[in-house]
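Listed below, chain by chain, are the residues.
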Amino acid sequence: MRNLGVRMSKLESVKARIRALRAMTIENGCTESEAMSAAALASKILAEHGLTLEEVERIRAKQDVGGDVELTSFKPRMPEISYCLVSIAQHFDCEVWSNSPVSFSLMGLPQDVFAAQTLTEIVADFMFVEWVDYETHKRRDPPGWKQDPAKYDHIKQAFLGAMGVKISDRLRRAKHDLRTVSNGSALVVAKHEIVRRAMEAKGIHLQKGEPIKVVDDFHASVAGAFAGKRFDLSNPSKVSANS
């Protein structure tokens, strides 16, 4: 039997390792392939340090679970991550809400919150890279289209919206697969109860907002969906055109 206290004490060192990997960004001098390889390794480390059903049930059995739940707010690199942020949060059994168009909050077990925020930042980086590549090399509009703010924003939202929807589809399928494995559904139910109780104790009551509308531009939408296919969430360093 693994000791939960020892596991939790190791979380900070795990976070430090992943932060170091996250620092390997394109902006800091590594290639896109190297950045995606770092993301894949980060995903592997997170998977290895997830809590078991037994450990989650021990937390669930406590009268006060507030000390076992983390609440964090952050501003991702690309606010357009909102197109798939709910699916990312749900993938890691967290609750998420927006504080402003560019700021979000996550609540869940510490490992899950860190995993959700890490994947959010990885996907946001990938969205940024794909958008820059599209607008620089692949958009074939007449010269000057970038100088029209309304047209530029419309094309950008169509591309990133389609990309986010495709990534959300991947995450939902991956979560469905996880729930079919041994103890998968029980683990999800237990975590949700812990988070719900902690939110009630803090007086946090969420209201369902309006669905995010994805604008359409044929070329940008098709290119964005294809970009979303390229990002294999089980291994971000691998490119796939078949999902």
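Structure report, in brief. These figures come from a predicted structure and were not determined experimentally.

1. Section: the side chain of S221
As for its position among the elements, S221 is in helix 9 (residues 218-230). For S221, a relative accessible area of 13% corresponds to the buried category. A polar contact of 3.2 Å, which involves the side chain of S221, links it to the side chain of D216. Filtering out sequence-adjacent residues up to four positions away, S221 remains in contact with A158, A162, V215 and D216.

2. Observations concerning the environment of R140
Relative to the helices and strands, R140 is located in the loop between helix 6 (110-138) and helix 7 (149-180). Put simply, R140 and H219 are 79 residues apart on the chain and 9.4 Å apart in space, counted from C-alpha to C-alpha.

3. Some details on helix 6
Across its 29 residues, helix 6 extends 40 Å between first and last C-alpha, which sits within 8% of the 42 Å expected from 1.5 Å per residue. Here helix 6 lies mainly inside the structure; 22 of its 29 residues are buried.

4. Considering the packing of aromatic side chains
Summed over all chains, the structure comprises six aromatic pairs. Taking 5.7 Å as the distance between ring centres and 75° as the angle between the ring planes, the aromatic pair formed by W131 and Y152 counts as edge-to-face. Here W131 is found in helix 6, whereas its partner Y152 is found in helix 7, with 21 residues between them in sequence. For W131, a relative accessible area of 3% puts it in the buried group. For Y152, a relative accessible area of 21% corresponds to the partly exposed category. Here Y134 and F159 contribute two aromatic rings whose centre-to-centre distance is 4.8 Å and whose plane-to-plane angle is 20°, an arrangement assigned as stacked. Taken together, the positions of Y134 in helix 6 and F159 in helix 7 put the pair 25 residues apart, joining distant regions of the chain. Owing to a relative accessible area of 1%, Y134 belongs among the buried residues under this scheme. The exposure class assigned to F159 is buried, which follows from its relative accessible area of 2%.

Calculation notes
- Residues numbered from 1 in each chain as written.
- Predicted model: local features only at pLDDT ≥ 70, side-chain atom pairs only at ≥ 80, totals over all residues.
- Heavy atoms only, no water.
- Helix = DSSP H or I, 4+ residues; strand = E, 2+ residues; numbered from the N terminus.
- Buried < 20%, exposed > 50% of the residue type's maximum accessible area, 1.4 Å probe, protein only.
- Polar contact = N/O pair within 3.5 Å; in protein donor to acceptor, adjacent residues only side chain to side chain.
- Contact = heavy atoms within 4.5 Å.
- Expected span 1.5 Å × (residues − 1).
- Phe/Tyr/Trp six-rings, centres within 6.5 Å; stacked < 30°, edge-to-face > 60°.

None of this, on its own, says anything about what the molecule does.
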